[in-house]
2 protein chains.
Amino acid sequence: MNLDEAKEKFVQTWGGLGAQWGINKTMAQLHALLFISAESLSTEDIMETLQISRGNVNMNVRELIDWGLVQRVNKTGNRKDYYLAEKDVWKIAKLIVRERKKRELEPIISLLVELGKPEGDKNSQEYKSFVESMTQLKNFSETINNSVERMIKADENWLGNLFLSMLKK
Amino acid sequence: MNLDEAKEKFVQTWGGLGAQWGINKTMAQLHALLFISAESLSTEDIMETLQISRGNVNMNVRELIDWGLVQRVNKTGNRKDYYLAEKDVWKIAKLIVRERKKRELEPIISLLVELGKPEGDKNSQEYKSFVESMTQLKNFSETINNSVERMIKADENWLGNLFLSMLKK
DNA sequence: ATTTATTTTCATTTTTTTTTGAAAAATCAA
DNA sequence: TTGATTTTTCAAAAAAAAATGAAAATAAAT
């Protein structure tokens, strides 16, 4: 396998992987492409490499910028926008964890609080069982949420340090 | 909000959540429904509650059984199959982590090993940059993989203990 | 062995998601 | 301000994913 084939395979596989995690396949491919590109790329570069439309590049690049995974850069003597991805894998992990926490974990907790005290016969088995489930899940979610929050606020390299410390123990 | 409304809302929201993580919405709803049901449910119970077809119930229940999140149970004096979900949230988390590790993390690592040494001019900037990316990602993936493996093999309550210990530190 | 109850399969339909591409908007230079 | 370049939007088209439901297969009872 030569270098170009390896790049191609990485981009394709990363796209498939992303799809399994609920990420638009093109967005994952685009992220993979920018991740392995030493130089920043223009919309045209991306359109050509991934064989996708201008609109598609634009939408998915914007989404990656929203996640903080990609930034826009300008080259001197050139009007076009170029895109450059974060290269540090631990920083990438942190950005993703932070974003999913905000978008998904926090809303779950709000929901579970809301569902914690429904009206109904509080002595029925059915009622007790439901409330117990919600409580368990809320405790779980809060534990994860607090831990993630603490880790994000701590050292830039929290995730690395966490796993290293666990391996040494 | 009464009990039935709360149950309904939980099932719907959990379904939406699952979809964001690449899980079939119906599968996530079905899991939510079984999770909050004290009693095991039959195919008919599920069809009626979620308003979905028999085939759909069958396919998604099988998938949940594959993940180890649901088991088939038989009631005496009754020929039908009933389905019962794991209720312990930490055990659920463990089952999901274990399965995603096996299905996704391990294949990534194989890929990264394969892509680590492509043919090409080993002195070019482009070559060095790609190999460096693959190496970083492989190290990251292996750290996560080893940690997860260690945790799964350890205490049944590894994940809980992990986060508790982090909070105390 | 036959009937009845139940589960599974899978070709077709439906729904949802993603992509396209051309028009509109924005940006910049002269 | 005008014109050239580039980006963004979004209705429509295409593709992908999920659901249906009836037939086939399986399992149990008589």
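Position numbers for residues start from 1 in each chain and track the written sequence from start to end. Each chain is given a letter, starting from A, and each ligand a number, starting from 1, according to the order in which they appear as written. Totals for whole chains, interfaces and linings use all residues, but because this is a predicted model, local features are given only for residues with pLDDT of at least 70 and pairs of side-chain atoms are given and counted only at 80 or more. Neither water nor hydrogens contribute to the side-chain values; these are computed over all heavy atoms in the structure.

**Q** I would appreciate a short explanation of the sheet that holds strand β3 (residues 81–85) of chain B in the present structure.
**A** Residue and element names in this part refer to chain B. The strand order β1-β3-β2 describes an open sheet built from three strands, whose pairing is antiparallel. One side of each edge strand has no neighbouring strand; the edge strands of this open sheet are β1 (41–42) and β2 (70–74). Pairing geometry for β2 and β3, over five bridges, is antiparallel. The partner of Gln 71 across the bridge, within β3, is Leu 84. Should any heavy atoms of two residues lie within 4.5 Å, those residues are counted as being in contact. Axes, fitted as lines to C-alpha atoms, cover a helix only where it is in contact. Angles between the N-to-C directions of the axes lie from 0 to 180 degrees. Strands here are runs of E lasting at least two residues and helices are runs of H or I lasting at least four, both read from the DSSP assignment and numbered beginning at the N terminus. On top of the sheet, helix α2 (residues 25–35) reaches β1, β2 and β3; it is set at about 85° to β3, its chief contact. Whether two strands pair depends on DSSP finding at least two bridges between them.

**Q** Would you mind going over the protein's contact with DNA strand D with me for this structure?
**A** If even one non-hydrogen atom of a residue comes within 4 Å of a molecule or strand, that residue is called near it. Taken together, 18 residues form the shell around DNA strand D, and within it A:Asn58, A:Arg62, A:Asp81, B:Thr26 and B:Ser53 come nearest. Sugar plus phosphate, as a fraction of atoms of DNA strand D within 4 Å of the protein: 68%. Two N or O atoms form a polar contact when they lie within 3.5 Å of each other; inside protein one atom must be a possible hydrogen donor and the other a possible acceptor, and for residues adjacent in sequence the pair counts only when both atoms belong to side chains. In this structure, A:Arg62 approaches DNA strand D through a side-chain N or O atom, which is 2.5 Å from a phosphate oxygen. Between DNA strand D and B:Asn56 there is a distance of 3.2 Å, counted from a phosphate oxygen to a side-chain nitrogen or oxygen. For the surface near DNA strand D, the elements supplying multiple residues, two or more each, are α4 (54–66) of chain A together with α4 (54–66) of chain B. The biggest single contributor to the surface near DNA strand D is α4(A), with five residues.

**Q** Whenever I open this one, α2(B) confuses me. Can you help?
**A** Since the α-helix packs 3.6 residues into each turn, any two residues three or four apart lie on the same face. Residues and elements named next belong to chain B. With a 1.4 Å probe rolled over the protein chains alone, any residue whose accessible area is under 20% of its type maximum counts as buried; one over 50% counts as exposed, and the rest are partly exposed. In terms of residue burial, α2 counts as a mostly covered element, since 10 of its 11 residues are buried. For α2, the full list of buried residues reads Thr 26, Met 27, Ala 28, Gln 29, Leu 30, His 31, Ala 32, Leu 33, Leu 34 and Phe 35. Two to three positions downstream of the cap, the backbone nitrogen of Thr 26 sits 2.8 Å from a side-chain oxygen, assigning the N-cap of α2 to Asn 24.

**Q** What is the right way to read the interface of chain A and chain B from this model?
**A** Taken together, the 51 residues of chain A in the interface contact 50 residues of chain B. Taken together, the two surfaces of chain A and chain B that pack against each other cover about 5000 Å², and 73% of this comes from carbon and sulfur. What makes a salt bridge here is a side-chain nitrogen of Lys or Arg within 4 Å of a carboxyl oxygen of Asp or Glu, nothing more. At the junction of chain A and chain B, the tally comes to four salt bridges. A salt bridge links A:Glu126 to B:Lys7, with the nearest nitrogen and oxygen atoms 2.8 Å apart. Counting across the interface, chain A meets chain B through 12 residue pairs in polar contact (both at pLDDT 80 or more). Those elements that place two or more of their residues in the side of chain A that touches chain B are α1 (3–20), α5 (89–115), α6 (125–153) and α7 (158–168) of chain A. When two parts are brought into contact, each loses some accessible area as probed by a 1.4 Å sphere; the total of that loss over both is the buried area.

**Q** Teacher, can you tell me more about the protein's contact with DNA strand C here?
**A** In the neighbourhood of DNA strand C, 17 residues make up the surrounding shell, with A:Thr26, A:Ser53, B:Asn58, B:Arg62 and B:Asp81 lying closest. Within 4 Å of the protein, atoms of DNA strand C come from sugar and phosphate in 64% of cases. The contact in question runs from a phosphate oxygen of DNA strand C to an N or O atom on the side chain of A:Asn56, over 3.2 Å. At the level of elements, α4 of chain A together with α4 of chain B are the ones that each hand at least two residues to the surface near DNA strand C. Top contributing element to the surface near DNA strand C by residue count: α4(B), with five residues. For this scheme, ten residues count as nonpolar: Ala, Val, Leu, Ile, Met, Phe, Trp, Tyr, Cys and Pro. Four count as charged, namely Asp, Glu, Lys and Arg, and the remainder, Gly too, count as polar. Within the surface near DNA strand C, the residues separate by chemical class into two nonpolar, eight polar and seven charged.

**Q** What is the right way to look at the relation of the copies chain A and chain B in this model?
**A** Least-squares fitting of one copy onto the other uses the C-alpha atoms of those residues that reach a pLDDT of at least 70 in both copies. Superposing chain A onto chain B requires a rotation of 180° together with a translation of 0.0 Å along the rotation axis, leaving an RMSD of 0.1 Å. Look at the turn and shift together and you get a two-fold axis relating the two. When each C-alpha of chain A is compared by its distance to the rotation axis, A:Gly22 comes out closest, at 1.9 Å. Interface overlap between copies: 98% of the residues of chain A at the interface are likewise at the interface in chain B, consistent with a symmetric, same-surface contact.

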